[in-house]
Amino acid sequence: FERQVCEVRVPHTEARGPCWARYLAQKLWNHEEYYLQIDSHMRFVEGWDAEIISQLKACPSDRPVLSTYPPGYERGQSS
């Protein structure tokens, strides 16, 4: 599992905001078949990965992109 997860650690005193952090994360892409970028507050339902792959395969493109703006969530909130 450790070989499948990459991270970039930046001291808070050197942080430049979320867009910059996403840029750093995008630089980790190494031609993997799938690329998923999320924020730390995301939640998943069971089978989310198979659902996303199914949606990608349904796209009429060789390089499909799925994007969304998720609903808000607060800790302790259900569904």
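Below or above, wherever it landed, is the structure these notes cover. What you see is a predicted model; the values in this text were computed from it and never measured.

The helix and strand inventory of the chain stands at 2 helices and 0 strands. Radius of gyration (C-alpha) of the chain: 15 Å, far over the 12 Å computed for a compact globule of 79 residues. Along the three orthogonal principal directions, the C-alpha set of the chain runs to about 45 × 35 × 25 Å. Taken over 79 residues, the chain has a buried fraction of 3%. Summed over all atoms, the accessible surface of the chain reaches about 8,100 Å², with 51% contributed by carbon and sulfur. Looking at charge distribution, the chain has the averaged site of its 9 positive side-chain charges lying 6 Å from that of its 11 negative ones.

Turning to a nonpolar patch on the surface, a few remarks are in order. Taken together, the side chains of Leu36, Ile38, Phe44, Val45 and Trp48 present a nonpolar region at the surface, about 470 Å² in accessible area. Mapped onto the fold, Phe44 is located in the loop between helix 1 (18-26) and helix 2 (48-58).

What follows deals with the pattern of salt bridges. Following the criterion strictly, the structure yields 1 salt bridge and no others. A salt bridge links Glu7 to Arg9; its shortest N-O distance comes to 3.0 Å. A residue is classified by how much of its surface remains accessible, and Glu7, at 55% relative accessible area, is exposed. Given the relative accessible area of 71%, Arg9 is considered exposed.

What counts and what doesn't
- Residues numbered from 1 in each chain as written.
- Predicted model: local features only at pLDDT ≥ 70, side-chain atom pairs only at ≥ 80, totals over all residues.
- Heavy atoms only, no water.
- Helix = DSSP H or I, 4+ residues; strand = E, 2+ residues; numbered from the N terminus.
- Rg over C-alpha atoms; globule rule 2.2 N^0.38 Å.
- Buried < 20%, exposed > 50% of the residue type's maximum accessible area, 1.4 Å probe, protein only.
- Areas by Shrake-Rupley, 256 points an atom, 1.4 Å probe, with all protein chains shown as cover.
- Lys, Arg positive; Asp, Glu negative; His and termini not counted.
- Charge placed at Lys NZ, Arg CZ, Asp CG, Glu CD.
- Patch = residues over 30% accessible without salt bridge, like charges linked within 9 Å, V, L, I, M, F, W, Y side chains within 5 Å.
- Salt bridge = Lys/Arg side-chain N within 4 Å of Asp/Glu carboxyl O.

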